[in-house]
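Structural overview for review
Spelled out from the first residue to the last, the chains are:
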Amino acid sequence: MTPAKPYDLVIRRGRVVLPDSTRQIDIGVRDGAIAALGPDLPEGNHEVVAEGCVVLPGGVDSHCHMDQQPWEGKATADDFNTGTLSAMCGGTTTVVPFAMQMRGQSLRDIVEDYHERAHSKARIDYGFHLIVGDPSAEVLRDEIPQLIAEGCTSIKIYLTYDGLKLDDYEVLNVLDLARAQGAMVMVHAENDACIRWLTEKFIASRKTELRYHEKAHSAIGDREATFRAISLSELIETPILVSHVAAGGAVEEIRRAKARGLPIYAETCPQYLFLSAEDIDTHDLSGSKCVCTPPPRDKSNQPAIWAGILDGTLEVFSSDHSPWHYADKIAGGPGTPFHRIPNGIPGIETRLALLFSAGVNGGLISLQKFADLTAGAPARLFGLHPRKGRIAVGADADIAIWDPDRSVTITNSLLHHATDYTPYEGQVVKGWPIMTISRGDIVWDDGRIMAEPGRGQFIARQRPFPPQQGLSKVLAS
């Protein structure tokens with residue numbers, strides 16, 4: 001009998017977070033995958049001693065923007081090089097950013113351009129969501145089914161934003177296609193008419209200060225749009241995921257839908273737990289560093305988001321990393337009105353540490369819950385399971401080793417994104433990723449960058465749901 005070749009890497013005596021338990025064991029890695037789990041594994045070609053550390057599945061960030069085509073004349077600060085660098089330094093090993101189609105564009109052309117942007121720059125593995133801003137007959141008939149077959153098995157749609165927003169009829173067409181294809185549909189659920197109407201009223205009244213950004217993006221509009229998205233999903237009988245849930249009222253709508261047995265999923269982001277409307281309401285324009293949509297709500301709203309995480313209403317914790325330089329945020333000068341501030345904030349590197357500190361070290365969530373929110377659930381919902389999102393034999397050796405007791409003050413100089421600020425400047429966290437391993441390669445080693453641009457691979461994702469070829473109950477009745 002030919003003996004098995006040595007492990008390429010053995011991670012020893014760490015506190016390993018498995019899907020169903022946490023155990024002090026070794027991890028043996030061979031050919032980029034986890035080959036063995038257990039005590040006292042044979043020696044490997046390379047050894048990492050993780051005693052005293054927590055060993056977690058590498059993070060899966062299923063909502064981030066990088067190297068995206070210019071939006072309103074400006075491009076995101078991070079390309080695939082700096083975006084994936086920042087991700088891996090924060091303990092993330094897989095990202096799924098967005099190939100964004102706007103009105104009049106070919107989705108196929110956008111995806112091909114995105115492949116070109118990513119393949120020579122990405123340091124860790126990646127996939128693409130399809131943003132559908134123009135669901136023409138050709139796009140629905142030809143482009144999307146083929147792109148899904150090629151592994152882009154999720155679609156994002158918007159209920160607001162000029163050039164992207166779909167009306168309800170168009171949403172139904174996209175949902176119907178997703179049902180037939182077994183794809184996941186993500187929904188940006190804000191009421192566009194409410195935003196436009198409130199914005200016009202505030203501007204007409206010369207109420208242009210930053211604090212009116214949150215008021216114009218009313219939480220009532222979030223709740224209504226979430227209910228509408230759920231209703232359209234129920235009509236077509238296909239799952240959806242409500243993106244970046246910010247308002248307690250939206251959490252309530254999702255919770256009620258789940259209680260009725262509907263396949264509704266949802267994510268939230270660090271900005272809705274660790275930022276608030278008060279951070280936007282500044283006398284100068286520094287509050288623009290926290291402007292995103294949906295916006296952070298009042299601090300009194302944060303317990304509702306935590307409650308959604310704790311009871312499973314919100315399954316996914318993503319970054320919605322959308323970085324702009326501060327100069328781009330305030331390009332209109334010191335009097336820039338709130339509706340001219342670009343929406344989006346950086347957060348791909350701080351996502352995991354913020355939740356680990358407040359959630360795990362704060363006694364709110366278990367290590368298993370943390371791993372599922374940040375890796376397991378997004379991997380399952382977006383067709384990356386069983387390859388990504390878990391520590392298990394046969395899975396990719398995507399692993400993050402954490403010092404659970406390390407205290408870190410977040411500063412922009414500490415981070416690796418390309419933008420010139422972090423909205424979490426000065427926040428102190430306890431727990432920090434000190435080593436990141438992607439497909440068995442050490443890519444980040446406590447201050448040393450070990451992965452070159454172009455190392456990452458495109459991951460063709462599976463369909464997360466079985467395709468449904470029959471008619472929905474409404475059409476069949």
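What you see is a predicted model; the values in this text were computed from it and never measured.

Our focus in this paragraph is the overall build of the protein. Looking only at helices and strands, the protein has 15 helices and 18 strands in total. The C-alpha radius of gyration of the protein comes to 22 Å, within 12% of the 23 Å expected for a compact globule of 477 residues. In the protein, which comprises 477 residues, the share counted as buried stands at 61%. Of the accessible surface of the protein, which amounts to about 18000 Å², a share of 50% is contributed by carbon and sulfur atoms. One way to put it: in the protein the 47 positive side-chain charges average out to a point 3 Å from where the 61 negative ones average out.

Core analysis: the biggest nonpolar cluster contains 100 residues, and I144, V185, F370 and W402 have the highest contact counts within it. Ranked by residue count, the leading element in this core is helix α13 (residues 351-360), at 6 residues. Ignoring anything within four residues of it in the chain, the contact list for W402 reads C53, V54, L56, G90, L352, A353, F356, F370, G431, W432, P433 and I434. Core analysis: the second largest hydrophobic core is formed by 20 residues, I27, V48, I391 and A397 among them.

Okay, the environment of G347 next. Locating G347 in the fold gives a position in the loop between α12 (326-329) and α13. For the pair G347 and S322, spaced 25 residues apart in sequence, the C-alpha to C-alpha distance is 7.8 Å.

It is the contact of α13 with helix α14 (residues 367-381), at a shortest axis distance of 11 Å, that shows an interaxial angle of 150 degrees. When the axes of α13 and α14 are compared, the pair comes out roughly antiparallel. Every pair of crossing elements has a handedness; the one defined by α13 and α14 is right-handed. Residue-level contacts link R351, L352, L355, F356 and V360 of α13 to L367, F370, L373 and T374 of α14. Of the residues assigned to the contact of α13 with α14, the class counts are 7 nonpolar, 1 polar and 1 charged.

Moving on to the pairing of strand β5 (residues 54-57). Across 2 bridges, strand β1 (residues 9-17) lies against β5 in parallel orientation. Bridge pairing links R15 to V54 in β5.

Examined against the element boundaries, K329 turns out to sit in helix α12. One polar contact links the side chain of K329 to the main-chain carbonyl oxygen of S288, over a distance of 3.1 Å. Polar side-chain contacts of K329 include one of 2.8 Å to the backbone oxygen of P342. If we skip the residues at most four places from it in the chain, K329 touches S288, V291, W324, R340, I341, P342, N343, G344, I345 and Y421.

Right, let's talk about helix α1 (residues 80-89) for a bit. In terms of burial, α1 is largely enclosed, as 9 of its 10 residues are buried. Burial in α1 covers these residues: F80, T82, G83, T84, L85, S86, A87, M88 and C89. Contacts made by the buried residues of α1 are with β7 (92-100), α2 (107-119), β16 (428-438), β17 (441-445) and β18 (448-449). Its side-chain oxygen placed 2.9 Å from the backbone nitrogen of N81, D79 serves as the N-cap of α1. At the exit of α1 stands G91, carrying a positive phi of roughly 95 degrees.

Next up on the list: empty space enclosed by the protein. Under the defined criterion, the tally for this structure stands at 5 cavities of 30 Å³ or more. Put simply, the largest cavity is a space of about 250 Å³. Considering the residues around the largest cavity, the lining is formed by 21 residues, among which H65, Y158, Y161, S322 and N343 are closest to the centre. By volume, the second largest cavity is sized at about 60 Å³. The wall of the second largest cavity is formed by A189, D222, T226, V242, S243, H244, V245, A246, A247, A250 and P294.

Turning next to the packing of aromatic side chains. A complete count under the given rule lists 15 aromatic pairs for this structure. In this structure an aromatic cluster arises from ring pairing among F80, Y114, Y126, F128 and F458. The ring of Y326 is capped by K289, whose NZ or CZ atom sits 4.7 Å from the centre of that ring.

When its volume is computed, the second largest pocket comes out at roughly 230 Å³. In this structure, the second largest pocket is lined by 14 residues; those nearest its centre are D176, R179, I236, S472 and L475. Contributions of two or more residues to the lining of the second largest pocket are made by α4 (168-181), α7 (219-236) and α15 (473-476). In terms of residue count, the dominant contributor to the lining of the second largest pocket is α4 (5 residues). Here the lining of the second largest pocket is built from residues that sort into 7 nonpolar, 5 polar and 2 charged.

A few words on the pairing of strand β2 (residues 22-30). One ladder, built from 7 bridges, connects β1 with β2; its direction is antiparallel. The partner of V10 across the bridge, within β2, is G28. Hairpin remark: β1 followed by β2, antiparallel, with 4 residues in the connecting loop. Here β2 runs beside strand β3 (residues 33-38); their pairing, made up of 5 bridges, is antiparallel. Of the residues in β3, the one forming a bridge with R30 is A33. Hairpin geometry of β2 and β3 is characterised by an intervening segment of 2 residues between the two adjacent antiparallel strands and by a positive phi of about 55 degrees at D31.

About the thresholds
Residues numbered from 1 in each chain as written. Predicted model: local features only at pLDDT ≥ 70, side-chain atom pairs only at ≥ 80, totals over all residues. Heavy atoms only, no water. Helix = DSSP H or I, 4+ residues; strand = E, 2+ residues; numbered from the N terminus. Rg over C-alpha atoms; globule rule 2.2 N^0.38 Å. Buried < 20%, exposed > 50% of the residue type's maximum accessible area, 1.4 Å probe, protein only. Areas by Shrake-Rupley, 256 points an atom, 1.4 Å probe, with all protein chains shown as cover. Lys, Arg positive; Asp, Glu negative; His and termini not counted. Charge placed at Lys NZ, Arg CZ, Asp CG, Glu CD. Core = buried A, V, L, I, M, F, W, Y, C linked by side-chain atoms within 4.5 Å. Contact = heavy atoms within 4.5 Å. Axes fitted to C-alpha atoms, helices over the stretch in contact; angles between N-to-C directions. Parallel < 35°, antiparallel > 145°, perpendicular 65-115°, else oblique. Left-handed = near helix turned anticlockwise from the far one by under 90°. Nonpolar A, V, L, I, M, F, W, Y, C, P; charged D, E, K, R; others polar. Pairing = 2+ DSSP bridges. Polar contact = N/O pair within 3.5 Å; in protein donor to acceptor, adjacent residues only side chain to side chain. 1 Å grid on protein atoms, 1.4 Å probe; cavity = no way out; pocket = protein on both sides within 12 Å on 5 of 7 lines; lining within 4 Å. Points joined across faces, edges and corners; volume = space filled by probe spheres on them. Phe/Tyr/Trp six-rings, centres within 6.5 Å; stacked < 30°, edge-to-face > 60°. Lys NZ or Arg CZ within 6 Å of the ring centre and 35° of its normal.

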